[in-house]
Amino acid sequence: MRIVVKNDGHKNIVLRIPTGFLTGNLSALLVCRILRKKGVYIPFRHMRFLMNAINKYRRRHKDWNLVEINSSDGDYIQVKI
């Protein structure tokens, strides 16, 4: 996963995070626990299914942009999985 932040006249920021952290069993478990504390119950097997679906989609579509934002003052943000 790559997060790119470009500012007009400032230094650009590029963060690279391994996708395994995003779509792994540990992150699915953490998301389930956090949602449970907020009052939303999603079973672990459903969250794991969602993580697997995201991972399969990512493998088929290499240039998938999750978020791409252009502001009027020239800032640019891109989250690419």
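The following refers to the structure shown. None of the values given here were measured: they were computed from a predicted structure.

Looking at the element boundaries, Ile69 is found in strand 3 (residues 65-70). As a C-alpha pair, Ile69 and Val5 span 64 residues in sequence and 9.6 Å in three-dimensional space. Setting aside anything within four residues of it in sequence, one finds Ile69 in contact with Asp75, Tyr76 and Ile77.

The next point concerns the packing of helix 2 (residues 25-37) against helix 3 (residues 44-60). Where helix 2 contacts helix 3, the axes come no closer than 9 Å and their chain directions differ by 130°. On the basis of the axis angle, helix 2 is oblique to helix 3. The element helix 2 and its partner helix 3 pack so that their crossing is right-handed. Where helix 2 approaches helix 3, its residues Asn25, Ser27, Ala28, Leu29, Val31, Cys32 and Leu35 are matched on the opposing element by Phe44, Met47, Arg48 and Met51.

The next subject is the sheet that holds strand 3. Sheets are built from strands paired through backbone hydrogen bonds, the pairs being either parallel or antiparallel. Read across the open sheet, the four strands follow the order 2-1-4-3; overall the sheet is antiparallel. Of all strands in the sheet, those bounded by a partner on one side alone are strand 2 (13-16) and strand 3. Ignoring which end each strand starts from, the neighbouring axes of this sheet average 5° apart. As paired elements, strand 1 (residues 2-6) and strand 2 share four bridges and run antiparallel to each other. Paired with Val5 across the strands is Ile13, a residue of strand 2.

What counts and what doesn't
Residues numbered from 1 in each chain as written. Predicted model: local features only at pLDDT ≥ 70, side-chain atom pairs only at ≥ 80, totals over all residues. Heavy atoms only, no water. Helix = DSSP H or I, 4+ residues; strand = E, 2+ residues; numbered from the N terminus. Contact = heavy atoms within 4.5 Å. Axes fitted to C-alpha atoms, helices over the stretch in contact; angles between N-to-C directions. Parallel < 35°, antiparallel > 145°, perpendicular 65-115°, else oblique. Left-handed = near helix turned anticlockwise from the far one by under 90°. Pairing = 2+ DSSP bridges.

Spatial relationships are all this shows, so hold off on functional conclusions.
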